[in-house]
Protein chains: 2
Amino acid sequence: MICSIVGLGLMGGSFGLAMRDYFDEIIGIDHNKKHCEDALSLGLVDKIGEFRDIEKSDVVILAIPIKGIISSLKKISELNIKDTLTIIDFGSTKESIIKNCPKNIRKNLVASHPMAGTEYSGPNAAIADLYTNKVMVVCNIEDSGQIQRRVAIDIFNKLKMHIKYMDACEHDRHAAFISHMPHIVSFSIANAVLKQEDKEHIVALAAGGFKDMSRLAKSNPHMWKDIFSENKKNLLDSIEAFKSELKKAKEMIENDKWDELEEWMKTGNNLHKIM
Amino acid sequence: MICSIVGLGLMGGSFGLAMRDYFDEIIGIDHNKKHCEDALSLGLVDKIGEFRDIEKSDVVILAIPIKGIISSLKKISELNIKDTLTIIDFGSTKESIIKNCPKNIRKNLVASHPMAGTEYSGPNAAIADLYTNKVMVVCNIEDSGQIQRRVAIDIFNKLKMHIKYMDACEHDRHAAFISHMPHIVSFSIANAVLKQEDKEHIVALAAGGFKDMSRLAKSNPHMWKDIFSENKKNLLDSIEAFKSELKKAKEMIENDKWDELEEWMKTGNNLHKIM
């Protein structure tokens, strides 16, 4: 089987690294020439190709921002692809991708979201075990073709991933609460602290807790702008839900309701019984 | 030298474990009988004693909540202690402790805040290298006696800690921004997600980012209630500063100002140039 990977950053690069032995050939495709050179010299792909190489591929991985996935699907729908082609996209929101997928290739698409990543980006950040033991959410699988389902599941099994099936709209709402809102919060902490504090005191006083809470603020702004805009409504809902808890806490602090605050914190402790 | 440790939880227990060879004897003191038994069987202390044993001690570590530190200082001031006794408190806020320290033992006190910890508590959480390579903030050192300064610095060096000197009021303000507010934020995320999401979806979608952002919400509510109430004003200021950044982000999202949002995130990225 020939696999094309569109986007040779952390996600696409790590996929290539993990799957070199599985495919007969992995072709890397990326607008960024430096990424292509790096991916080749790091051994993430067998060769660098162009978008038209998707015509001879059996599998294509779209590991690019959401808007790029949508325009790539449109371009693929105009190519002379194999009927059995399996297109797997790694977009962090799923509804807009599925909605914008041209009808003639809808059965080729297996809309997926790997719950994996690091705060680093680019081919140099690629690691072979990025996907190992992580969850792969697959959305609206009933609209993918039989062959494509089987090919995608084989690949995810090979990556040692745990597959969860989900409706795309539900996925986007859950992802807002569990992933997207926490990113906005982390960036807010980073910006608040940078405005108030100098380097010396941050370095002196930042123990593990602060490092954890600000780690997501290392994330790639260009990529996250795209995710936030595609999931705007759910994101705003999740920010509201967060703000409502913060408001509660603030009012208890202002009004010296320390025992109530303690109970509120105990409720928060419950999260870790299920994680 | 004889050392008494008041409070045999994570902080006091880890101190005992790391310093067993340094002192001739370490006496553990704790209201909680189970903690005493555990500390003894885990080898965190040489023996269990009572508060009056501070009279024969050369060093006393107060590793208990802030209100407990303040009442312990009052009790110590009424004991027949050695003139050279060095009292080291590990309180997370410093101004109220120093303000409430009885004058007759002010020179004995070296007000300290170790920037170390985990989300776990109790003697079973004690680890020998908790303090290694961490920062120890020492406040208003000019009001501690010469002997006490020397003894405390020797101990912190033995623990391989980096000592930073700071004014107590400044410490409390910095700690609010860099430690206390992030705890409130983490509890707010935990509570918001628990209300909106079921166990299945949290487990499926929680990748590393969410785990980081909610880890502080494992913290001990009783202890943190105490810290928050002692640092109320600074905490409220830091929550306001955070809220103002969150508000900015929310407005940019509502108004589709994606390029501005990207710039705001890029500013947040800067934090990691200094950390």
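Note that this is a predicted model, so its numbers are computed, not measured. (Residues numbered from 1 in each chain as written. Chains lettered and ligands numbered in written order. Predicted model: local features only at pLDDT ≥ 70, side-chain atom pairs only at ≥ 80, totals over all residues.)

A closer look at the confidence of the model for chain A
We apply this condition: pLDDT is defined as a per-residue confidence score from the predictor, taking values between 0 and 100.
Averaged over all residues, the pLDDT of chain A is 96; the fraction at 70 or higher stands at 100%. What the predictor reports for the complex is a pTM of 0.89 with an ipTM of 0.90.

Details of the domain arrangement of chain A
Residues and elements named next belong to chain A. Inclusion rule: Each domain's extent is set by a domain assignment, obtained either automatically or from a database. Each residue gets a C-beta atom placed from its backbone, and two residues are in contact if those atoms lie within 7 Å. By definition, any uninterrupted DSSP run of H or I lasting at least four residues is a helix, any uninterrupted run of E lasting at least two residues is a strand, and each is numbered from the N terminus.
If you check the domain split of chain A, you get domain 1 (2–166) and domain 2 (171–273). Summarising the inter-unit geometry, the C-alpha centres of domain 1 and domain 2 are found 31 Å apart. Facing the 14 residues of domain 1 at the interface are 13 residues of domain 2. Put simply, the parts of the chain that give the side of domain 1 that touches domain 2 at least two residues each are α3 (66–77), α4 (95–99) and β7 (135–139).

A look at the sheet that holds β7(A)
Residue and element names in this part refer to chain A. Worth spelling out the cut-off: Pairing between two strands requires that DSSP report at least two bridges joining them. To obtain an axis, a line is fitted to C-alpha atoms, over the contacting stretch when the element is a helix, and the angle between two such axes runs from 0 to 180 degrees between their N-to-C directions.
Overall, mixed pairing links the 8 strands, which are arranged β3-β2-β1-β4-β5-β6-β7-β8 in an open sheet. Bordering the open sheet on either side are β3 (47–48) and β8 (162–166), each of which pairs with just one other strand. In this sheet, β8 lies alongside β7 in parallel orientation, the contact comprising 5 bridges. Note on β8: the bridge partner recorded for V135 is H162. Packing of helix α1 (residues 10–19) onto the sheet brings it into contact with β1 (2–6), β2 (25–29) and β4 (59–62), and relative to β1 it is tilted by some 160°. Docked against the sheet, helix α6 (residues 168–196) engages β6 (109–114), β7 and β8, running at close to 140° with respect to β7.

Quick notes on the relation of the copies chain B and chain A
Quick note on the threshold: Least-squares superposition aligns the copies on the C-alpha atoms of those residues with pLDDT at or above 70 in both.
Overlay of chain B on chain A (RMSD 0.0 Å): rotation 180°, translation along the axis 0.0 Å. Overall, the copies show the geometry of a two-fold rotation axis. In this assembly the copies share their binding face: 100% of the residues contributing to the interface of chain B also contribute to that of chain A.

Details of the nonpolar core
In plain terms, the rule: Take the buried Ala, Val, Leu, Ile, Met, Phe, Trp, Tyr and Cys residues, join any whose C-beta atoms are within 7 Å, and the set you get is a nonpolar core. Field definition: a residue is buried when 20 or more other C-beta atoms are found within 10 Å of its C-beta, exposed when 12 or fewer are, and partly exposed for counts in between, with C-beta atoms placed from the backbone.
A:I5, A:I61, B:I5 and B:I61 are the most contacted members of the largest nonpolar core, which has 184 residues in total. Those residues in contact with A:I61 that lie beyond four places of it in its chain are A:C3, A:I5, A:V6, A:G12, A:F15, A:I88 and A:F90.

Considerations on the interface of chain B and chain A
The criterion, for reference: Each residue receives one of three labels: charged for Asp, Glu, Lys and Arg, nonpolar for Ala, Val, Leu, Ile, Met, Phe, Trp, Tyr, Cys and Pro, and polar for the others, Gly being one of them.
On the side of chain A, 77 residues touch chain B, which itself brings 76 residues to the contact. Elements with a contribution of two residues or more to the side of chain B that touches chain A: β7 (135–139), α6 (168–196), α7 (199–205), α8 (208–215), α9 (221–230), α10 (232–254) and α11 (258–269) of chain B. Ranked by residue count, the leading element in the side of chain B that touches chain A is α6(B), at 20 residues. Per-class residue counts for the side of chain B that touches chain A are 44 nonpolar, 18 polar and 14 charged.

Focus: the pairing of strand β6 (residues 109–114) of chain B
Residues and elements named next belong to chain B. For β6, the buried fraction is high: 6 of the 6 residues fall into the buried class. The alternating pattern of β6 places L109, A111 and H113 on one face and V110, S112 and P114 on the opposite face, and all of these are buried. Across 3 bridges, strand β5 (residues 86–89) lies against β6 in parallel orientation. Bridge pairing in β6 links I87 to L109. Sheet topology note: the β6/β7 ladder contains 4 bridges and is antiparallel. Bridge pairing links A111 to C139 in β7.

Things to note about the environment of B:E37
For B:E37, the position within the fold is in helix α2 (residues 33–41). Sequence separation between B:E37 and B:I69 is 32 residues; the distance between their C-alpha atoms is 22 Å.

Looking at the sheet that holds strand β4 (residues 59–62) of chain B
All names here are of chain B. Pairing within the open sheet is mixed, and its 8 strands lie in the order β3-β2-β1-β4-β5-β6-β7-β8. Here the strands that pair on one side only, and so sit at the sheet edges, are β3 (47–48) and β8 (162–166). Here helix α5 (residues 146–158) sits on the sheet and contacts β4, β5, β6, β7 and β8; the angle it forms with β5, its principal contact strand, is near 50°.

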